[in-house]
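Structural overview
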Amino acid sequence: RVLCATGIVAGLIAFFWKDPFIPENLSGARVLLTGASAGIGEQMAYHYARFGAEIVLTARREAVLQKVRTLSTCLQCSTKTTPHSNSCSTSPVTGYHMDMSVPYVGGLDYLVLNHIGMTHFQMWTGDVEYTRWLMQVNFFSYVALTTAALPTLEKNRGSLVIVSSLTGKIPTPFTTSYSATKFALDGFFSSLRHELIMQKRNVSVTLCILGLIDTDTALQNTRGKVHISASPAPEAALAIIRGGATRVQEVFYPWWLQQVCCLWVLFPTNRGQVLRSYYNYSSP
Ligand code: NDP
């Protein structure tokens, strides 16, 4: 009887629940996507292309970016690229970035910030300069690009989509600097979201919390060091796009990461020990 009742409830939910994500709404949407030459960014480019968005893709490696552009264009959409020769660690580059990109598409509906600088998955070595540099690439460039884009986004009731990580909610081993940059994103953009709402400025802010995803760089970095299986990049990319399009505040991918975050807060005792059991480390 319990099974039958559960089945009926599930059936009713499935019948009445309407998926708020309408892919057609992305047709013609103007998107600026950073870190689009590889990994999750590349997969987002293909999804946006399939949905008919007008995308501007950015990354440093022009040849690789062109390959992504060609594949996206095959999916029937107007794709443009603005490669930048420098790293996002220098702020003039981000200004240049926005100046070049917005006129390209005649406005902006989505700013999707996804790029990251080279990440070491290892014990803290004391390299303060590296942390400073990573903070520039992973955090300050996000702030600079957002500042430059906000007026245009506001005009179009647009969306800011920030790609973050579980390590931006829960500190994990081997990610000292990276985790710091992702916590910084949560602090800045969750505060900014409050302010935009208080000022009745219609720009949504979506923070995306991802677990381990099977991109080349992530798999290379974590090989032999973690007992966690990676989720597929195309699915992660779609979850981010859905979240941005439906203007939700936070996206968790895979979905159960939200429960993990709740458990982390609810059970402070021994949680660190459980977490560390997923990581491999033998003292020298
Ligand atoms: P990748 O390493 O596959 O891609 C990173 C992108 O950033 C590339 O397009 C790269 O292009 C660009 N990039 C690299 N260095 C710089 C730089 N100095 N300045 C500007 N752009 C740069 O990353 P993922 O796809 O794995 O990650 C994408 C996002 O997802 C990141 O925000 C990451 O934190 C998040 N995430 C990923 C997880 C994973 O397991 N993969 C887990 C949790 C979060 P180019 O070199 O051409 O510039």
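Described in the following lines is the structure provided in the data block.

Analysis parameters
- Throughout, a residue's number is its position along its own chain's written sequence, starting from 1.
- This being a predicted model, a pLDDT of at least 70 is required before a residue's local features are given, and a value of 80 or more before pairs of side-chain atoms are given or counted; all residues contribute to the totals for chains, interfaces and linings.
- Hydrogens are left out, water is left out, and the side-chain values use all remaining heavy atoms of the structure.
- We count a stretch as a helix when DSSP gives it H or I for four or more residues in a row; a strand needs E for two or more, and each element gets its number in order from the N terminus.
- Exposed residues in this analysis have more than 50% of their type's maximum accessible area, buried residues have under 20%, and partly exposed residues fall in between, with area computed by a 1.4 Å probe over protein chains only.
- By definition in these notes, contact holds between two residues if any of their heavy atoms fall within 4.5 Å.
- Ring pairs shown here join Phe, Tyr and Trp side chains whose ring centres sit within 6.5 Å, with only the six-membered ring taken for Trp; geometry is labelled stacked below 30 degrees between planes, edge-to-face above 60, and tilted in between.
- The criterion is that NZ of a Lys, or CZ of an Arg, lies within 6 Å of the ring centre and within 35 degrees of the ring normal, and then a charge sits over that ring.
- Surface patches are defined over residues having more than 30% relative accessible area and no salt bridge, joining like charges when they lie within 9 Å and nonpolar side chains (Val, Leu, Ile, Met, Phe, Trp, Tyr) when within 5 Å.
- All accessible areas in this document rest on Shrake-Rupley with a 1.4 Å probe, and a residue is counted as covered only by the protein chains that are shown.
- We define a salt bridge as a side-chain nitrogen of Lys or Arg found within 4 Å of a carboxyl oxygen belonging to Asp or Glu.
- Any residue with a non-hydrogen atom lying within 4 Å of a molecule or strand is treated as near it.
- Under the rule applied, a polar contact is a pair of N or O atoms within 3.5 Å (in protein, one hydrogen donor and one hydrogen acceptor; residues adjacent in sequence only if both atoms are side-chain atoms).
- Residue polarity follows a fixed list, in which Ala, Val, Leu, Ile, Met, Phe, Trp, Tyr, Cys and Pro are nonpolar, Asp, Glu, Lys and Arg are charged, and the others, Gly among them, are polar.
- When the strands point away from the viewer and the path from the first strand over the helix to the second turns clockwise, the crossover is right-handed.
- Strand pairing follows a simple DSSP-based rule, namely that at least 2 bridges must link the two strands.
- A helix is expected to span 1.5 Å multiplied by its residue count minus one.

1. Quick word on the environment of Thr-176
When you line up the elements, Thr-176 lands in helix 6 (residues 176-198). Put simply, Thr-176 and Gln-122 are 54 residues apart on the chain and 8.6 Å apart in space, counted from C-alpha to C-alpha.

2. Structural notes on the environment of Phe-174
The residue Phe-174 is located in the loop between strand 5 (159-165) and helix 6 in this model. Look at Phe-174 and you get buried, because its relative accessible area is 8%. Expressed as a C-alpha distance, the spacing of Phe-174 and Gln-122, which sit 52 residues apart in the sequence, is 4.3 Å. Sequence-distant contacts of Phe-174, defined by excluding residues within four places in its chain, comprise His-120, Phe-121, Gln-122, Met-123, Lys-225, Tyr-279, Asn-280 and Tyr-281.

3. Details of the packing of aromatic side chains
Under the criterion given, the structure shown has eight aromatic pairs. On the basis of an interplanar angle of 70 degrees and a centroid distance of 5.0 Å, the ring pair of Phe-188 and Phe-189 is categorised as edge-to-face. A residue is classified by how much of its surface remains accessible, and Phe-188, at 30% relative accessible area, is partly exposed. Here Phe-189 falls in the buried class, since its relative accessible area comes to 1%. Put simply, the rings of Phe-139, Phe-140, Phe-188 and Phe-189 pair up and form one aromatic cluster. If you follow Arg-271 out to its NZ or CZ, it ends over the ring of Trp-264, 4.1 Å from the centre.

4. A short note on a nonpolar patch on the surface
Together, Ile-8, Leu-12, Phe-15 and Phe-16 make up a nonpolar patch on the protein surface, roughly 500 Å² of accessible area in all. For Leu-12, the location among the structural elements is in helix 1 (residues 2-16).

5. What to know about unusual backbone geometry
Looking along the chain, the bond that leaves Tyr-253 and enters Pro-254 is cis, with omega of -5 degrees. Turning to its location among the elements, Pro-254 is positioned in the loop between strand 7 (250-253) and helix 9 (257-266). Of note, Arg-157 is a non-glycine position whose phi angle comes to about 50 degrees, a positive value. Relative to the helices and strands, Arg-157 resides in the loop between helix 5 (128-155) and strand 5. Residue classification places Arg-157 among the exposed positions, given a relative accessible area of 57%. The phi dihedral of Asn-270 is positive, around 70 degrees, even though this residue is not glycine.

6. Description of the site of the ligand
Ser-37, Arg-60, Tyr-178, Ile-213 and Thr-215 are the nearest of the 29 residues found near the ligand. Ile-40 places a polar main-chain atom, nitrogen or oxygen, 2.8 Å from an oxygen atom of the ligand. Between Thr-215 and the ligand, the recorded distance is 2.8 Å, taken from a side-chain N or O atom to an oxygen atom. Compared with its free state, where it exposes 880 Å², the ligand has 93% of that area covered by protein. Residue assignment for the shell around the ligand shows that the elements contributing at least two residues are helix 2 (39-50), strand 5, helix 6 and helix 7 (216-222). When residues in the shell around the ligand are grouped by element, the largest group, three residues, is from strand 5. For the shell around the ligand, the per-class residue count stands at 13 nonpolar, 13 polar and three charged.

7. Here we look at the side chain of His-47
Mapped onto the fold, His-47 is located in helix 2. What makes His-47 buried here is its relative accessible area of 10%. Setting aside residues up to four positions removed in sequence, His-47 forms contacts with Pro-234, Ala-237, Leu-238 and Ile-241.

8. A short note on the pairing of strand 1 (residues 30-34)
Along strand 1, five of the five residues are buried, which leaves the element largely enclosed by surrounding structure. Burial along strand 1 is two-sided: Arg-30, Leu-32 and Thr-34 and Val-31 and Leu-33, pointing in opposite directions, are all buried. Crossover connection from strand 1 via helix 2 to parallel strand 2 (residues 54-58): handedness right-handed. Pairing of strand 1 with strand 4 (residues 110-113) involves three bridges; the strand directions are parallel.

9. Brief notes about helix 8 (residues 233-245)
Over its 13 residues, helix 8 runs 18 Å from end to end, which matches the ideal 18 Å to within 8%, given 1.5 Å per residue. Buried residues along helix 8 sit against helix 2, strand 4, strand 5, strand 6 (204-210) and strand 7. Arg-247, located one to two residues past helix 8, shows a positive phi value of around 60 degrees.

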